[in-house]
Amino acid sequence: MTTSIGAANAAIVKDPNLQVARSFNGLKAASNSLLLAKRPQVSRVSTSAATASFIRAVSTPVKPDTSVVHKRSKVEIIKEHSNFIRYPLNEELLTDAPNINEAATQLIKFHGSYQQYNRDERGAKSYSFMLRTKNPCGKVSNKLYLVMDDLADQFGIGTLRLTTRQTFQLHGVLKKDLKTVMSSIINSMGSTLGACGDLNRNVLAPAAPLHQKDYLFAQKTAENIAALLTPQSGFYYDMWVDGERVMSAEPPEVVEARNDNSHGTNFPDSPEPIYGTQFLPRKFKIAVTVPTDNSVDVFTNDIGVVVVSDADGEPQGFNLYVGGGMGRTHRLESTFPRLAEPLGYVPKEDILYAVKAIVVTQRENGRRDDRKYSRMKYLLSSWGIEKFRSVVEQYYGKKFEACRDLPEWEFKSYLGWNEQGDGALFCGLHVDNGRIKGTMKKTLREVIEKYNLNVRITPNQNIILCDIRQAWKRPITTALAQGGLLQWLAQHCHFALAIAEAERGIPDILKRVRAVFEKVGLKYSESVVIRITGCPNGCARPYMAELGLVGDGPNSYQIWLGGTPNQTSLAKTFKDKVKIQDLEKVLEPLFYHWKRKRLSKESFGDFTNRVGHEKLLELVDKWEGIPLAPARYNLKLFADKETYESVDNLARLQDKSAHELAMEIIRNYVASHQNGKIE
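Definitions and limits used
Residues numbered from 1 in each chain as written. Predicted model: local features only at pLDDT ≥ 70, side-chain atom pairs only at ≥ 80, totals over all residues. Heavy atoms only, no water. Axes fitted to C-alpha atoms, helices over the stretch in contact; angles between N-to-C directions. Helix = DSSP H or I, 4+ residues; strand = E, 2+ residues; numbered from the N terminus. Parallel < 35°, antiparallel > 145°, perpendicular 65-115°, else oblique. Left-handed = near helix turned anticlockwise from the far one by under 90°. Contact = heavy atoms within 4.5 Å. Nonpolar A, V, L, I, M, F, W, Y, C, P; charged D, E, K, R; others polar. Buried < 20%, exposed > 50% of the residue type's maximum accessible area, 1.4 Å probe, protein only. Pairing = 2+ DSSP bridges. Polar contact = N/O pair within 3.5 Å; in protein donor to acceptor, adjacent residues only side chain to side chain. Patch = residues over 30% accessible without salt bridge, like charges linked within 9 Å, V, L, I, M, F, W, Y side chains within 5 Å. Areas by Shrake-Rupley, 256 points an atom, 1.4 Å probe, with all protein chains shown as cover. Salt bridge = Lys/Arg side-chain N within 4 Å of Asp/Glu carboxyl O. Phe/Tyr/Trp six-rings, centres within 6.5 Å; stacked < 30°, edge-to-face > 60°. Lys NZ or Arg CZ within 6 Å of the ring centre and 35° of its normal. 1 Å grid on protein atoms, 1.4 Å probe; cavity = no way out; pocket = protein on both sides within 12 Å on 5 of 7 lines; lining within 4 Å. Points joined across faces, edges and corners; volume = space filled by probe spheres on them.

1. So, the packing of helix H8 (residues 213–228) against helix H10 (residues 252–259)
- The interhelical angle for the contact between H8 and H10, taken along N-to-C directions, is 40°, at an axis separation of 9 Å. Between H8 and H10, the interaxial angle falls into the category oblique. Considering how the two elements wind past one another, H8 and H10 form a crossing that is right-handed. Each of Lys220, Asn224, Ala227 and Leu228 in H8 lies in contact with H10, whose residues at this interface are Glu253, Val254, Ala257 and Arg258.
- In terms of residue class, the contact of H8 with H10 is built from four nonpolar, one polar and three charged.

Written out as structure tokens, the structure is:
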């Protein structure tokens, strides 16, 4: 039996043997009481004198006051009865049906899969499953890439998809093949565990394999955070490899941080010490990066982690930012995209404890009644940063220091050939819409297999070939060129296209954007961050783009303008319900006026913000096509100075300019000739 937190607190107050520290406000009615019902009393004393307040978590009374009942979403109830994400999925996978039931559909997300069907087909639904891998930092070993390439052909639709969270997606897998595909990935040291579901998703980090202290430290930190927040109860391995855990050894600092319960973060004796039976209220996203490099869109995450180094380049700690998120619902203003804001600075040895404290704060306080408002950004919006910081500090056990000053951010794509810093090269390749298929897929396979290359997936759905010897550059360049993979040499229009709806509806939109660029006279060297997604969930992070297109109906898009190239500000809604066939009617005047009216080095996003939406709408509404330029004739009438001065003197006598007189003489001369003869 469970009860509400409000009811539990009321009963506690009546019991003289139980006390709650009044300074602790980290538990509220929106939390799921089951989290507390299964937790014994734990005393937590802050290690910092500045925060030496006594904190105590309490168990639910045996006879609570049930006069106040708080709603829980259906998914929360499914998780509660699932035996740590097993039942009824384990039974549903054994049936002959091509699909699984609603409860199992929710649970399989935690295993990294979604059940799907073709919405365009009429009659009986044709079910299949999408699998998403989990690749911290976008790292993919040579072996795993080749296995994913094979699986796409053998069990998928022949296409490998790269996501905006640096992972693979494999579409079209039938239910009967799920275990074969999953076990193949696991046995190749890959994983899909936690790629979807109400827990920490793939941890982003710059994909560039640069051998620099800060980049290497950021990537190691991302991998450690991913390990810290990986589920521990074994449900994944029980389901797909009969309980055999295939995983590398964890760093000791990860194990220590996960097991530490000195501040009441854990569920003692639980197979899921951090997540408990209910896991998190919704998905949770983390990105790690270094100063200036915003290739990961750090402010769109629940937690943004930025390495801070000393003057010698030695990493010392991290700035933490919290509360970012892109998802929203059309025509529901209470849902919104939000940028992360500064929480504080932590020394490098504390990063895992600080991240854990933030996750637990969301676990305990994030809403579990309405999933539209369950992301941590809504908790930040409701509480404000000061209250949020105060509660996190109680789980962290220390006060946060002020964030360190950082240089300006830049958007980095890492396309083309680059030095790694260890004598080897890496090559970043543009992948249209993140879809590896056809000739591109065959060529990549040949190159990666022949040269035994590891790869990285970028947050912009591109791919990086790593660890290339200098002697291999020419033959690899030749092979890539023959396979049509070197189009990136002429492509500087940053573009991300996410999810299946967008792919079905607008397969040629990138070509159309490029055509508009060319039509209005913009060069390929121009750069505009353009992102498109088929729904408002924000997978492609369109609300950060200079130009964002968000599906808002059948073949219809909402247009957002005003993000900045370095991904540090939110765009705003510009126009609703633009039909796909009418996109050029909007894009053409916008790009045309940007080319002609921008300030020096002014980006498209900065231009739209300066001009303002009202004026831009006026320009779009009045657009009648590119104006015809008047003919210009650059005639050099005078070959020498003496002739010019003679004509000029004659012109002055007639109150004319030298040019006017010369043109008059020429016209008269031409008029006096007909058919080449003088009359």
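What follows picks up the thread again.
2. What to know about the side chain of Thr361
- Among the structural elements, Thr361 can be located in helix H11 (residues 351–365).
- Thr361 gets classed as buried once you look at its relative accessible area, which sits at 0%.

3. What about the sheet that holds strand E13 (residues 425–429)?
- Judged by pairing direction, the sheet is antiparallel, and its five strands sit side by side in the order E5-E15-E16-E13-E12 without closing on themselves. The open sheet has two edge strands with one neighbour each: strand E5 (139–140) and strand E12 (416–419).
- The pairing of E13 with strand E16 (residues 463–468) spans four bridges and is antiparallel. Bridge pairing links Leu425 to Ile468 in E16.

4. Quick word on the side chain of Arg338
- In this fold, Arg338 is placed in the loop between strand E10 (315–322) and strand E11 (341–347).
- A distance of 2.4 Å separates a polar atom in the side chain of Arg338 from a polar atom in the side chain of Glu341.
- If we skip the residues at most four places from it in the chain, Arg338 touches Phe299, Val322, Gly323, Gly324, Gly325, Met326, Lys377, Leu380, Ser381 and Leu570.

5. Thoughts on the environment of Gly551
- With respect to the helices, strands and loops of the structure, Gly551 is situated in strand E19 (residues 547–553).
- Among the residues examined, Gly551 registers a relative accessible area of 6% and is labelled buried.
- Measuring from C-alpha to C-alpha, the distance between Gly551 and Ile580 comes to 9.6 Å, with 29 residues separating the pair along the chain.
- Beyond its immediate chain neighbours, meaning those up to four positions away, Gly551 contacts His330, Thr533, Gly534, Cys535, Pro536, Ser556 and Tyr557.

6. Re a nonpolar patch on the surface
- Among the surface-exposed residues, Ile666, Tyr669 and Val670 lie close enough to one another that they form a single nonpolar patch of about 310 Å² accessible area.
- Overall, Val670 belongs to the exposed group, its relative accessible area being 53%.

7. Some words on the packing of aromatic side chains
- Under the defined criterion, the tally for this structure stands at 20 aromatic pairs.
- Where Phe110 meets Phe279, the ring centres are 5.3 Å apart and the plane angle is 65°; that geometry is what we call edge-to-face. Taken as a pair, Phe110 in the loop between helix H5 (102–107) and strand E3 (113–117) and Phe279 in the loop between H10 and strand E8 (286–289) lie far apart in primary sequence, 169 residues in all. Across the pair, Phe279 and Phe110 agree in class, each one buried.
- Members of the aromatic cluster, joined through ring pairs, are Phe110, Phe235, Tyr275 and Phe279.
- The ring of Tyr117 carries the charged tip of Lys125 above its face, separated from the ring centre by 4.4 Å.

8. Quick word on the layout of surface pockets
- Looking at the second largest pocket, its volume works out to about 960 Å³.
- Along the wall of the second largest pocket there are 36 residues; nearest its centre are Lys134, Pro136, Met189, Glu223 and Ser248.
- Of all the elements in the fold, those that place two or more residues in the lining of the second largest pocket are E5, H8 and strand E15 (455–457).
- In terms of residues, the lining of the second largest pocket owes the most to one element, H8, which gives six residues.
- Of the residues assigned to the lining of the second largest pocket, the class counts are 17 nonpolar, twelve polar and seven charged.

Geometric values such as these leave the question of function open.
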